[in-house]
Amino acid sequence: MVSVPETPVVGENLTPSPSFASHQLREARAQAVSLAEKNERLAAALSHARDQIAELGAQLDAVTLPPVTLALLTGVEQDPGGRCSEVEVAMAGRPMRLGLHPSLDPQDLTVGQLVAVSDQMLVVDALGAPDTGEAVTLEEVLDSHRALVTTGSGATRVLRLAGGLDAGTLTPGDTLAADLRADVATALIERTSVEELVITETPDVSWQDIGGLGLQIEEIRDALELPFAHPELYRSYHLRAPKGLLLYGPPGCGKTLIAKAVATSLASSAGGQDAPGGAGKSAAFLNIKGPELLSKFVGETERQIRAIFEQARKVAAEDRPVVIFFDEMEALFRTRGTGVSSDVETMIVPQVLAEIDGVESLRNVVIIGASNREDMIDPAILRPGRLDVKIRIDRPDQAGAREILAKHLRSNLPLDPGELAAHDGDREATAAAMRQEVVAAIYARTQANAVLVVTFASGRQETLYLGDLVSGAMLAAVVARAKTAAIKDELAGGPGGLSTPRLLAAVEAEARQNEEITAATNPEGWARVVGHRGETILSVTRLGAAQDEASGPSGAKEAHA
């Protein structure tokens, strides 16, 4: 019997088997993942292609970009309605009025900016202000937009101030960068080197603060104070006031102190005879260290010298006395042709000579030079008409040493009670006795005080003692050392007070550690310390206390042989 398959009934639910549906779903998901990956690859390819197209487009634009010219903006002109379609520029020194691209806001433009000019002569972009150019010196701010300046050649110009320069903060003497072809000052240049070397201080040192230099002070006052205090008498005698003076001699003997006292004294003279202490006008003391002024850059030292004298002129214009003090003058104004420092002095000396000669028409300016080696200074600096007065500041003698000690060891200081009692409570007598003991200890011509044996080129030998090398600075240091010992004793519960033993101990310690004695290392250095003139030192033998004790009296005799 043949079996006949059943015919499905119309409308019966024909659903695929679960396994078949699951298979179809997996295939659909796999296909979707594949299409998504292809889509990501296509999107990445399109993005890369777009970047390449943009890069090629930029390169093409750069190749085909028309050239632009840079110009300095000198003016922004606005119409009555406040709109601006044109600006003034200086292009290669030529003043021009150019159109402004519509994309630029005139409110963002200021004088002194660099602008880009297209080949159609249209301002298309605004840049920053240049910070380079010719250096000029500001003389006077005329208004918020203009200033009077001096160029490097000495010419006087009126320049516009760039928008970035605040006229209210500018002061005479400032250095500005300028485009002189466009007549615009574009930037303020900070130059601090001269300000670091020059200290415009107001000294408070008087002649009464200086001891042991009575004759020298009288010479200085005659040379400098009289012309300031009595200018009408000098004019009636057709006598010109000295331009300056040279203080020379061993170190530590009061040259800087004298220069400060000159400034204070001139201030008193300028302020009137009834203005004690210079109450009338404050004096300016320009302290210049010679070695610090030297620069390895060509022309820099000359520029600093010009700036120093320019600053002195500005202060003198305020009717204030000005003292320009050159310390260690031999380092800066060495004799020309000596071959030292690549002969930089061949440029420095003429510059300072020009400045000194230019001071002739100025009032209230005095130049003071200090040196330990006056023989090394160029003779042109020292000739009459420049540094007219030359005064030697030598080491103090015993009377001078007592006078110097009186400035530091005063009777109103705390004194040792025992020594006070020994002088019946007389403080002045006690202090005077202490000063006398210190002077006697320093100036004793004993073997214990022998310091050096100097051999001169002639073969002559000379023994120098501590008193031959004493200075005002050393005497001040002795008293300061004794004061420190008294303070430490008082802090430890002792009576404290200055006493003769403490002062003598300070003398001994200062003699061992004195900077003058230990600093020199060659005959030239010893010549500076010893202060001998006219005789060349061949060699120097230092004598220590231990050496003297070991050698005995015969050793001292051998030193003199």
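What counts, and where the lines are drawn
Residues numbered from 1 in each chain as written. Predicted model: local features only at pLDDT ≥ 70, side-chain atom pairs only at ≥ 80, totals over all residues. Heavy atoms only, no water. Pairing = 2+ DSSP bridges. Helix = DSSP H or I, 4+ residues; strand = E, 2+ residues; numbered from the N terminus. Axes fitted to C-alpha atoms, helices over the stretch in contact; angles between N-to-C directions. 1 Å grid on protein atoms, 1.4 Å probe; cavity = no way out; pocket = protein on both sides within 12 Å on 5 of 7 lines; lining within 4 Å. Points joined across faces, edges and corners; volume = space filled by probe spheres on them. Nonpolar A, V, L, I, M, F, W, Y, C, P; charged D, E, K, R; others polar. Domains from an automatic or database assignment. UniProt positions renumbered as here; feature names shortened; annotations may be inferred. Contact = heavy atoms within 4.5 Å. Polar contact = N/O pair within 3.5 Å; in protein donor to acceptor, adjacent residues only side chain to side chain. Parallel < 35°, antiparallel > 145°, perpendicular 65-115°, else oblique. Left-handed = near helix turned anticlockwise from the far one by under 90°.

> Give me the sheet that holds strand β6 (residues 134-141): which residues, what numbers.
On the basis of which strands lie adjacent, the closed barrel formed by five strands has the order β6-β7-β8-β10-β9 and mixed pairing. Averaged over all neighbouring strand pairs, the angle between strand axes comes to 55 degrees, with direction disregarded. Where strand β7 (residues 146-150) lies against strand β8 (residues 156-161), five bridges are found, and the strand directions are antiparallel. Across the sheet, the residue bridging to Arg-146 is Arg-160, located in β8.

> So what's going on with the layout of surface pockets? Residues and values would help.
A water-sized probe rolled over the atoms picks out the places where empty space is left. Size it by volume and the largest pocket reaches roughly 960 Å³. Among the secondary structure elements, those contributing two or more residues to the lining of the largest pocket are β6, β10 (184-189), α2 (193-197) and α7 (300-317). Per-element tally for the lining of the largest pocket: the top contributor is α7, with eight residues. Split by residue class, the lining of the largest pocket holds eight nonpolar, nine polar and 13 charged. If you count residues domain by domain, the lining of the largest pocket takes at least three from each of domain 2 (134-190) and domain 3 (197-272 + 281-392).

> How would you explain the UniProt feature "binding site: ATP" (unreviewed entry) in the protein chain if you had to name every residue and give the values?
Listed under "binding site: ATP" (unreviewed entry) in the UniProt record, and renumbered for this structure, are Gly-252, Cys-253, Gly-254, Lys-255, Thr-256 and Leu-257. Locating Cys-253 in the fold gives a position in the loop between β12 (244-248) and α5 (255-270). The residues touching Cys-253, leaving out its near neighbours within four places in the chain, are Leu-213, Ile-393, Asp-394, Arg-395, Ser-471 and Gly-472. Ignoring sequence-local partners within four residues, the contact set of Lys-255 consists of Leu-247, Tyr-248, Gly-249, Pro-250, Phe-325, Ala-370, Ser-371, Asn-372 and Ile-393. Engagement of the side chain of Lys-255 in a polar contact is seen with the backbone oxygen of Pro-250, the distance being 2.8 Å.

> Go over the packing of helix α11 (residues 398-408) against helix α13 (residues 427-443) with me, naming the residues and quoting the values.
Where α11 meets α13, the closest approach of the two axes is 10 Å, and the angle between their N-to-C directions is 135 degrees. Judged by the angle between their axes, α11 and α13 are oblique. The chirality of how α11 crosses α13 is right-handed. Here Gln-398, Ala-401, Arg-402, Leu-405 and Ala-406 of α11 come into contact with α13, specifically with Arg-435, Gln-436, Val-438, Val-439 and Tyr-443. Class assignment for the residues of the contact of α11 with α13 results in six nonpolar, two polar and two charged.

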